[in-house]
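Each chain is listed here by its residues.
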Amino acid sequence: MTMAKTLAKTYDPSIVEPRLSERWQREGIYRFDRSSDQPVYAIDTPPATVSGHLHLGHAYSYTHPDIIARFWRMNGHNVFYPMGFDDNGLPTERLVEKRLGITASAVGRQAFIERCLEVGVEAEEEYRTLWQRLGLSIDWRFSYRSIDTLSRRTSQQSFLDLYRKGLAYQQEAPTIWCPLCQTAIAQAELEDIAETTTFYTLAFSLPNGATLPIATTRPELLPACVAVFVHPDDERYASFIGSEARVPLMGRSVPLLADPLARPEVGTGAVMCCTFGDPTDVEWWRSHQLPLRAIIGRDGRMTADAGILAELTIAEARARILDELRAARVVLGEKTQRQAVRAHERCDTPVEYLVTRQWFIRVLDHKEQLLAAGEQIRWHPARMAARYREWVENLKWDWCISRQRYFGVPFPLWRCDTCGAILLADDADLPIDPMTTQPRSACACGGESFTPEHDVMDTWATSSMSPQIVGQWLTDPALYEQVFPFALRPQAHEIIRTWAFYTIVKSLYMFDKLPWREVAISGWGLAPEGAGKISKSRGGGPMTPEAMIGKYSADAVRYWAASAGFGKDTIISEERIQAGAKLTTKLWNVARLSERVLAGYTTPATPPALAPADRWLLARLRRLVERVTSLLSEYDYATAKAEVESFFWAALADNYLELAKMRLYDTTDPLAEGARYTLRIALLTVLKLFAPFLPYVTEEIYTTLFADEYDSIHRSAWPRLESLPIDRDDDTAMAAGDALVTIATAVRRYKSEHGLSLGRELARLQIATDSATLADVFQASLTDLRSVTRAATVEIAAQPDPALQELPTESAMRIAIQP
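To keep things clear, this report deals only with the structure shown in the data block. (Residues numbered from 1 in each chain as written. Predicted model: local features only at pLDDT ≥ 70, side-chain atom pairs only at ≥ 80, totals over all residues. Heavy atoms only, no water.)

### So, the pattern of salt bridges
Stage number 1. For the structure on display, the rule yields 49 salt bridges.
Stage number 2. As a salt-bridge pair, Glu17 and Arg133 come within 2.7 Å of each other at their nearest N and O atoms. Here Arg133 lies in helix 5 (residues 109-134) and Glu17 lies in helix 1 (residues 13-27), a separation of 116 residues in the sequence.
Stage number 3. For the salt bridge of Arg764 with Asp801, the shortest nitrogen-to-oxygen distance reads 3.3 Å. Highlighted residues: Arg764 in strand 27 (residues 764-768) and Asp801 in the loop between strand 28 (794-797) and strand 29 (805-807), separated in sequence by 37 residues.
Stage number 4. Look at Asp801 and you get partly exposed, because its relative accessible area is 24%. (Salt bridge = Lys/Arg side-chain N within 4 Å of Asp/Glu carboxyl O. Helix = DSSP H or I, 4+ residues; strand = E, 2+ residues; numbered from the N terminus. Buried < 20%, exposed > 50% of the residue type's maximum accessible area, 1.4 Å probe, protein only.)

Below, the structure written as structure tokens:
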């Protein structure tokens, strides 16, 4: 490796960062060593969904596990840090439809799949470029696509295993349906969106001729009304329970039933049950064995059973039936209000509940097991365990894994045309596309004609196998044994209900093990204007990560990302990124100053004589190493970064260098070597503590000034207390140094308040104290005090000279000066 001989006058990240990134990849700095006997730290990295351009929110969340990976790597762990691309399924289909303006129905299934594959390759190259530029310490040899051969094989093998165990099943039943995407979705893919809706109070009639007012936001579902429900304790309707109510316009009556799910305080307290308007309708339909009237089709249009509404869109049907209801004078009232509507998270389309045949994985029967699993995992922050628990407790549906789309992993099976039996593909033939391949043998009934399964699996059915895919469960058992269970799953909080939950489900069902020991949950990067979460599919926000890196540096962006801890959302702040750039510049300048005085200097085995300022800095450094190591071990990288930064600015840059400057430049001073010794240890330690956060600038400084043992700071050893010089009494050393800093601060304040430059020389500085200990400290620090205050004369006295101007201080000492 060719190293620069000296640090450049100014630090140019636009040159340094790409050069180092290329070097890291070329030399394999971050490669997992399969032959190492070091403890393995394996990370189940989130595979970025191929649904648009990456944004600063991704730079924010993906930086967090990289900080943790770098920390454990420097602590002697063999880090397995892969990267995946989630390019199978609906998000990629939606991207292709939007970007290319095509649909599978228009261009054909195979041509559409080919376009999806091409767009996936383009997006993944863009993603890889950004991740490398951001400085993620990924081992790119272990990267995968969720649509590649191994992923498809792993996903299909998982399905076969679960089917054979009776945990995967197919059933015709009410399912959550997206009319826009025209596919079933899972409960976990629902989100609430706020919409302005209108409650229409309609006049149903009772057997005695009385009017029964019922409020609904879905009047177009009147043709699907199969019952009216009231609460059993609602005295207003008690005498009518068991009778019938006549549905306006429909010319028929439906039973009026009691059920505790009816809410007396909502609307009029009476509610119509339609098949289906919401999950409660589904529950009533099942528990009360009601008839089925399916009036909404898979394309979001009304079916023939909707009568005069047939073939209309839902919106058109609503307008049409409202005209009819108003003409019949059965609309008793209209009230507009904001309401939370359940929608598909991928497209914001309100969902419907249709009866379709789908594939499911059983979860409702295993809630207790899944809840217990969540308690055995360490969550960072700990409160995120509650999100997992609440999700499992409130599950109402088994996991629907089939999708009526094209670009995904096919179900490896066929149905016999003769007897209807399901034929599974042989394990050895996976991955397989049943649309293009026939079974190896005839059905048990002798039938030789088969219909392939046309549905594909939901992308989560594959992503939930990410530990097995990247660990190469099916192709490299030795590697899988090394890395599984993984140490860490980093991910966002909104997919606890999907990726975390589904991965736990698969791991328990298939391996009877937890997939990882710990889960670290990142928050969202929020748009600066407070518009909420930014996303790829909705444009990615106003600032691209590439532009921000180009303007300020990757280290600066990482600095901002590390400013908020796991589980916390944060505003994308250009001001915070600017602060990161300022920090890298200051670190560079401190290194350049140090380079001039440390050239040719090597740390001796036995510490030289040290001044009080040296002992103070080293004592604080020991405390810092202990604290930061503990914080990062507990995944509190934000506090760790803040404490390193505080030490760097307040202790090293602003005070110690000013205190020790004379000794650093005057090699004849008897304590000069103590200053050089302290500065070298402090600078090297600070660089290592900053390395997980600012990998580029720390690497450039390290390889220029310190790389005599390791070729990269990221392969060097994390600072340890036992490797730092030990003082007899750190508390005493810190108290002594703090007194010196108090003097320096008081003099700086005086100069600032009087409009004097900090370099302005003072004629005389007198420090009065009745503490013999402090007097000894000050006497031993005369050179350092002259250095930091620019005083020509420094005196130590019992009482201040009344002829001098006394400076206010918040300590037991009294400081007086002669300007």
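### Observations regarding the side chain of Thr503
Stage number 1. By secondary structure assignment, the location of Thr503 is in helix 14 (residues 496-511).
Stage number 2. Thr503 gets classed as buried once you look at its relative accessible area, which sits at 1%.
Stage number 3. In contact with Thr503, other than residues within four places in its own chain, are Ser463, Ser464, Pro467, Arg489, Thr498, Pro515 and Trp516. (Contact = heavy atoms within 4.5 Å.)

### Some points on the sheet that holds strand 5 (residues 143-145)
Stage number 1. Strands sit in the order 2-4-5 across an open sheet of three strands; the sheet is parallel. At either end of the open sheet lies a strand with only one pairing partner, and these are strand 2 (48-49) and strand 5.
Stage number 2. Relative to strand 4 (residues 83-86), strand 2 runs parallel, the two being bridged by two bridges. The partner of Thr49 across the bridge, within strand 4, is Asp86. (Pairing = 2+ DSSP bridges.)

### What about the pairing of strand 11 (residues 244-247)?
Stage number 1. Side chains of strand 11 alternate between two faces, with Ala245 and Val247 buried and Glu244 and Arg246 left unburied.
Stage number 2. Across four bridges, the pairing between strand 11 and strand 12 (residues 252-258) is antiparallel. Within the sheet, the bridge partner assigned to Glu244 lies in strand 12 and is Pro255.
Stage number 3. In sequence, strand 11 turns back onto strand 12 through a hairpin of four residues, with Leu249 there showing a positive phi of about 75°.

### A look at the environment of Ala385
Stage number 1. Looking at where Ala385 falls in the secondary structure, it is placed in helix 10 (residues 384-393).
Stage number 2. The spatial distance from the C-alpha of Ala385 to the C-alpha of Ala310 is 47 Å, given a sequence separation of 75 residues.

### Some points on the sheet that holds strand 17 (residues 399-400)
The strands making up a sheet are joined through hydrogen bonds of the backbone, oriented either antiparallel or parallel.
Stage number 1. A sheet is described by the order of its strands in space; here four strands give the open sequence 7-6-15-17, paired in antiparallel fashion. The sheet terminates laterally at strand 7 (183-185) and strand 17, the two strands that pair on one side only.
Stage number 2. By the bridge criterion, two bridges tie strand 15 (residues 352-361) to strand 17 in an arrangement that is antiparallel. Counterpart to Phe360 in the pairing with strand 17 is Cys400.

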